[in-house]
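Residues per chain, in single letters:
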Amino acid sequence: QVQFVESGGGLVQPGGSLRLSCAVSGLTFSIGRMSWYRQAPGKERELVARIISASGSTTYADSVKGRFTISRDNAKNTVYLQMNSLNPADTAVYYCHVPLWGREYWGRGTQVTVSS
């Protein structure tokens, strides 16, 4: 069974930082691609960052580029999202995402709230 363990969300002041983590268990192989998405109230879910295990290639939404950094621990099938210089627009539920066996798998989400 594929299981997600997400952590790191919470309340932070503008300009602050948070580090999200997502560990995917129940697999005997390394996940090829891991991503972070987020969804704010009244908005569509959007891709925040993505990392490809084989190449190390990363992709970021324009709104977070330069502030967020995605990284991975392939041996643990764990993906991280370091979020710096947070602003209220970053407030959202953040979801870990992986494609497996032609299906989409999502973590339950972790709330990030940026407020003074």
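Remember, predicted model here, so these are calculated numbers, not experimental data.

### Observations regarding the overall build of the protein chain
Here is step 1 of the chain: Within the protein chain one finds 0 helices and 11 strands.
Here is step 2 of the chain: Walking the protein chain from its N terminus toward its C terminus, one meets helices and strands in the order β-β-β-β-β-β-β-β-β-β-β.
Here is step 3 of the chain: The dimensions of the protein chain, computed from C-alpha atoms along their principal axes, are 45 × 25 × 20 Å.
Here is step 4 of the chain: When each of the 116 residues of the protein chain is scored for burial, the buried share is 42%.
Here is step 5 of the chain: A fraction of 50% describes how many contacts in the protein chain between residues 6 or more apart in sequence connect residues 24 or more apart.
Here is step 6 of the chain: Total accessible area on the protein chain is roughly 6200 Å²; 46% of this is exposed by carbon and sulfur atoms.
Here is step 7 of the chain: Taking the average location of the 12 positive side-chain charges in the protein chain and that of its 7 negative ones, the two points are 4 Å from each other.

### Some thoughts on the pattern of salt bridges
Here is step 1 of the chain: A complete count under the given rule lists 3 salt bridges for this structure.
Here is step 2 of the chain: Glu 46 is paired through a salt bridge with Arg 38; the nearest N and O atoms lie 2.8 Å apart.
Here is step 3 of the chain: The partly exposed category is assigned to Glu 46, whose relative accessible area is 32%.
Here is step 4 of the chain: You can call Arg 38 buried: its relative accessible area is 5%.
Here is step 5 of the chain: Where Asp 90 meets Arg 38, a salt bridge forms, and the shortest distance between an N and an O atom there is 2.9 Å. Of this pair, Asp 90 sits in the loop between strand S8 (78-83) and strand S9 (92-100) while Arg 38 sits in strand S4 (residues 33-39), and the two are 52 residues apart along the sequence. Taken individually, Asp 90 and Arg 38 each receive the classification buried, so the pair is uniform in this respect.
Here is step 6 of the chain: Ionic contacts of the salt-bridge type, sharing partners, join the residues Arg 38, Glu 46, Arg 67 and Asp 90 into one network.

### Section: the nonpolar core
Here is step 1 of the chain: Counting residues in hydrophobic clusters, the biggest one holds 31 residues, and the most contacted among them are Trp 36, Leu 81, Met 83 and Tyr 94.
Here is step 2 of the chain: Elements that contribute at least two residues to this core include exactly strand S3 (18-25), S4, strand S5 (46-52), strand S7 (68-73), S8, S9 and strand S11 (110-114).
Here is step 3 of the chain: The biggest single contributor to this core is S9, with 5 residues.
Here is step 4 of the chain: Contacts of Leu 81, omitting those with residues within four sequence positions, involve Leu 18, Arg 19, Leu 20, Trp 36, Val 48, Ala 49, Phe 68, Thr 69, Ile 70 and Tyr 94.

Reading the values: the criteria
Residues numbered from 1 in each chain as written. Predicted model: local features only at pLDDT ≥ 70, side-chain atom pairs only at ≥ 80, totals over all residues. Heavy atoms only, no water. Helix = DSSP H or I, 4+ residues; strand = E, 2+ residues; numbered from the N terminus. Buried < 20%, exposed > 50% of the residue type's maximum accessible area, 1.4 Å probe, protein only. Contact = heavy atoms within 4.5 Å. Areas by Shrake-Rupley, 256 points an atom, 1.4 Å probe, with all protein chains shown as cover. Lys, Arg positive; Asp, Glu negative; His and termini not counted. Charge placed at Lys NZ, Arg CZ, Asp CG, Glu CD. Salt bridge = Lys/Arg side-chain N within 4 Å of Asp/Glu carboxyl O. Core = buried A, V, L, I, M, F, W, Y, C linked by side-chain atoms within 4.5 Å.

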